[in-house]
Every structure is written in C-alpha cells, then in structure tokens.
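Fold and contact review
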Amino acid sequence: RDASVFSGDYAYYNQEMNAHVADRLYLETDLRKALELQQFFLLYQPKFAIATGEFLSVEALVRWQHPERGMVSPADFIQIAEDTGLIIELGNWVLHSACRQARIWQDAGIAPFLIGVNVSAREFSDALPGKVATALKVYGIAPQWLQLEITESMLMQGAEEVIRIMNQLVALGIGLALDDFGTGYSSLSYLKRFPVATLKIDQSFVHGIPSDSNDCAIASAIIVMAHQLNLEVVAEGVETIEQFEFLGEAGCNQAQGYLLSQPVSAEKIASLYLGK
Ligand code: C2E
Ligand code: MG
Ligand code: MG
Ligand code: MG
C-alpha cells in the first residue's frame with residue numbers, strides 16, 4: 001500500500017521533472033538564438049541620494065522579449081546563460097548597450113551620470129578588463145561613468161585571482177560595487193582586501209525594515225561598518241516610505257527601489273530625471 005502511494009507520487013514528480021527539464025531545454029535553445037534575433041533589451045532603474053532626493057545614477061537590467069513567452073525575467077534565464085556559457089556573449093552585449101546608451105544620453109546634451117552594469121561570476125575572467133576598455137572606447141565614455149556590480153559570492157572563489165582582475169578594472173578608472181551584500185559569507189573586515197567603492201545592501205534585509213528588528217540591526221550595522229571602510233552604501237529594494245526614512249536615519253547614502261522608481265526605458269530616464 002505504501003509502495004503504491006509512493007510510486008504515484010514518484011510518477012507525478014517525474015512528470016513535473018520532465019516538464020521542467022523540457023522547458024529548460026526549450027529556453028536554452030531559444031536563448032542561443034535570442035542575441036542574434038535582437039530579443040534582449042535593457043531597462044534602467046535610477047538610484048537617488050537619500051539626503052537630497054537627487055537623481056544620481058542608474059542600474060542597467062537586462063530583459064528578454066520572447067516571441068511566445070513574452071517578457072522573461074533575468075531570474076529565469078541568467079542562470080541558464082551562466083551554465084551554458086552564453087553569459088559571456090550576453091554580458092558583452094549588455095556592456096556595449098549600456099555604453100551606447102550613455103553615448104546617446106550625452107549626445108542629447110545630458111550631463112553624464114554613473115551607469116551600473118551587473119556582471120556574473122562566469123564573466124569575471126582575465127578577458128573582462130580588455131572588453132570593458134573596448135566598450136568605453138567604442139562609445140567614447142569616460143571610465144568614471146561606469147560601475148560594475150559584482151556579487152559577494154564572487155569574492156569567495158579564488159580570491160587572489162579575483163583581486164587581480166578587480167585591480168585591473170579599477171586601474172581603467174571604472175568603479176566596482178558589491179551587489180546583494182549580506183547574502184554571502186564574507187565579513188566586512190574581509191572587504192578591505194577588495195577594491196570596491198560601493199556596497200549594495202541586499203533587498204532581503206531592506207524588506208523587513210522597520211518591523212523586523214533583526215533586519216533593522218543588520219542594515220544599520222552594515223551601514224556603520226561600510227562607512228568606517230569608506231564605502232558608499234546603497235539600499236536596494238526600497239518599497240516603502242518607512243524603509244526609506246529608516247535607512248536615511250541610519251546614514252545610508254543612496255536608495256533604489258519601487259518606492260522611487262521601477263526599472264524603466266532609457267527614454268523614460270531621459271524625460272523623468274534628465275529634463276529631455
Ligand atoms: P540585482 O542586480 O540585485 O537587481 C535588483 C533586482 O531587484 C532587479 O530585478 C530589480 O528589478 C529588482 N527590484 C528593484 N527594486 C525593487 C523593489 O523595490 N522590490 C523588489 N521586490 N524588487 C526590486 P531583475 O531586473 O529581475 O534582476 C534580477 C537579477 O538578475 C539582478 O539582481 C542581477 O543579479 C541579475 N541581472 C539583471 N540584469 C543583468 C545583467 O545585465 N547581467 C547579469 N549578469 N545579471 C543581471
Ligand atoms: Mg545589481
Ligand atoms: Mg542587487
Ligand atoms: Mg539582488
């Protein structure tokens with residue numbers, strides 16, 4: 001009797017699994033063609049100074065417009081792109097698209113501002129600094145306007161090699177931000193070894209502010225210690241006034257989140273924040 005129940009579950013589980021595997025294979029096949037078919041585009045989410053409300057910079061976030069599935073979120077394809085190695089080509093496309101957009105904004109007479117680009121662990125190789133230098137050169141963008149957002153987990157793998165590549169990137173004149181901070185295992189003191197200028201508090205901590213006292217304590221502690229290390233602190237995923245105010249009082253420098261703006265098109269950035 002038990003066995004039949006088990007086998008029933010098992011068959012069901014198998015069906016689910018097969019559907020999942022098949023779905024992933026379809027996505028993978030489609031992903032391989034998506035670059036060529038120009039199905040990717042970038043949205044930009046602004047970041048603001050908490051103290052003044054001033055528009056400071058944007059983060060480029062990739063989107064995939066799939067012909068049948070509609071908009072596919074990066075949560076559903078970045079991992080596949082990493083596993084298949086497609087992230088190398090996609091990452092380079094994102095870098096070029098962000099720099100091309102910076103050129104378009106500057107040509108429209110808009111004063112330059114910082115653009116953040118997310119970089120996956122798999123892209124973080126000896127080839128990256130050269131690719132970054134090329135993208136900046138092609139579009140004539142001064143390096144000070146580009147910031148790469150890398151995740152904390154990347155710091156854990158082969159620290160010496162990672163530091164060497166980070167130093168090469170910093171030597172180009174671009175900035176580095178540590179994304180999703182607090183979700184990995186690195187301590188703040190360990191951060192001193194890495195040439196990052198900015199730290200982004202992960203939205204999972206911001207989410208519990210102000211009701212969850214642990215999240216409040218963690219966010220406050222990150223801000224205090226980051227400032228002692230001379231790092232700029234950005235809170236991501238700010239959705240409420242209460243969160244915004246708490247973070248401001250805790251001394252957080254910048255905020256990004258749905259309260260302030262969703263990720264929007266390049267045209268919207270120009271009209272909403274840049275007066276064009
Ligand atoms: P991330 O870099 O930590 O980006 C923040 C994510 O939170 C974005 O999701 C953004 O749309 C979302 N978000 C912003 N404000 C709020 C808010 O107030 N509440 C909530 N719940 N979410 C908010 P998105 O665009 O779906 O991107 C997810 C992740 O995919 C990114 O996390 C990043 O790790 C990765 N990603 C996105 N674009 C790229 C890219 O061009 N290259 C690489 N390698 N990864 C990317
Ligand atoms: Mg990011
Ligand atoms: Mg983030
Ligand atoms: Mg995140």
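In this report, we go over the structure that sits alongside the text.

Calculation notes
- Residues numbered from 1 in each chain as written.
- Chains lettered and ligands numbered in written order.
- Predicted model: local features only at pLDDT ≥ 70, side-chain atom pairs only at ≥ 80, totals over all residues.
- Heavy atoms only, no water.
- Donors = N, O, S within 2.8 Å, 3.2 Å for Na, K, Ca; no water.
- Helix = DSSP H or I, 4+ residues; strand = E, 2+ residues; numbered from the N terminus.
- Buried < 20%, exposed > 50% of the residue type's maximum accessible area, 1.4 Å probe, protein only.
- Near = heavy atom within 4 Å.
- Polar contact = N/O pair within 3.5 Å; in protein donor to acceptor, adjacent residues only side chain to side chain.
- Areas by Shrake-Rupley, 256 points an atom, 1.4 Å probe, with all protein chains shown as cover.
- Nonpolar A, V, L, I, M, F, W, Y, C, P; charged D, E, K, R; others polar.
- Disulfide = S-S within 2.5 Å.
- Contact = heavy atoms within 4.5 Å.
- Core = buried A, V, L, I, M, F, W, Y, C linked by side-chain atoms within 4.5 Å.
- Phe/Tyr/Trp six-rings, centres within 6.5 Å; stacked < 30°, edge-to-face > 60°.

Before going further, it helps to spend a moment on the coordination of the magnesium ion (ligand 2). Every protein donor of the magnesium ion (ligand 2) is listed here as Glu59 (OE), Asn118 (OD1), Glu149 (OE) and Asp179 (OD), and their distances to the metal cover 2.1 to 2.2 Å. Sequence spacing of the donors to the magnesium ion (ligand 2): E-x58-N-x30-E-x29-D. In this structure, the magnesium ion (ligand 2) is positioned 3.7 Å from the magnesium ion (ligand 3), and both are ligated by Asp179. With a gap of 120 residues between them, Glu59 in strand S2 (residues 55–66) and Asp179 in strand S6 (residues 175–181) connect regions that are remote in the sequence. The buried category is assigned to Asp179, whose relative accessible area is 5%.

So, on to the site of ligand 1. Contacts to ligand 1 come from 22 residues, most closely from Arg63, Ser120, Asp179, Glu239 and Tyr258. One nitrogen or oxygen atom from the side chain of Gln45 is found 3.0 Å from a nitrogen atom belonging to ligand 1. At 2.9 Å from an oxygen atom of ligand 1 is found a side-chain nitrogen or oxygen belonging to Asn118. Contact with the protein chains covers 82% of the free accessible surface of ligand 1, which is 800 Å². Of all the secondary-structure elements, those providing two or more residues to the shell around ligand 1 are S2, helix H2 (74–84) and S6. Per element, the largest residue contribution to the shell around ligand 1 is 4 residues, and it comes from S2. Partitioning the shell around ligand 1 into residue classes produces 9 nonpolar, 6 polar and 7 charged.

With that out of the way, let us pick up the state of the cysteines. Counted according to the given criterion, the structure contains 0 disulfides. Here Cys216 stays unpaired: no disulfide links it, and the sulfur of Cys252, its closest cysteine neighbor, is 13 Å away.

As for its placement among the helices and strands, Tyr190 is situated in helix H7 (residues 188–191). Accessibility expressed as a relative area gives 21% for Tyr190, which makes it partly exposed. Ignoring sequence-local partners within four residues, the contact set of Tyr190 consists of Leu155, Met156 and Ala159.

With that settled, the discussion passes to the nonpolar core. The tendency in soluble globular proteins is for nonpolar side chains to be buried as a group. If you look at the biggest cluster of nonpolar residues, it comprises 78 residues, and the most contacted ones within it are Trp105, Phe124 and Leu148. A total of 8 residues in this core trace back to one element, the largest contributor, which is helix H3 (residues 87–107). The residues touching Leu148, leaving out its near neighbours within four places in the chain, are Leu95, Val117, Val119, Leu128, Val132, Leu169, Ile174, Gly175, Leu176 and Ala177.

This paragraph deals with the coordination of the magnesium ion (ligand 4). Reference geometry at the metal: tetrahedral coordination by four donors gives ideal angles of 109.5 degrees; octahedral coordination by six donors gives 90 or 180 degrees. With distances of 2.3 to 2.8 Å, the protein atoms coordinating the magnesium ion (ligand 4) are Asp180 (OD) and Glu236 (OE). The class for Asp180 is partly exposed, based on a relative accessible area of 24%.

The subject of this paragraph is the packing of aromatic side chains. By the definition in use, this model includes 10 aromatic pairs. Here Tyr44 and Trp105 contribute two aromatic rings whose centre-to-centre distance is 5.1 Å and whose plane-to-plane angle is 70°, an arrangement assigned as edge-to-face. Residue Tyr44 is located in strand S1 (residues 40–49), and its partner Trp105 is located in helix H3; the two are separated by 61 residues in the primary sequence. Trp105 shares its class with Tyr44; the two are buried. Here Phe48 and Phe55 contribute two aromatic rings whose centre-to-centre distance is 6.2 Å and whose plane-to-plane angle is 75°, an arrangement assigned as edge-to-face. Comparing Phe48 with Phe55 shows no difference in burial state: the two are buried. Members of the aromatic cluster, joined through ring pairs, are Tyr44, Phe48, Phe55, Trp105, Phe113 and Tyr273.

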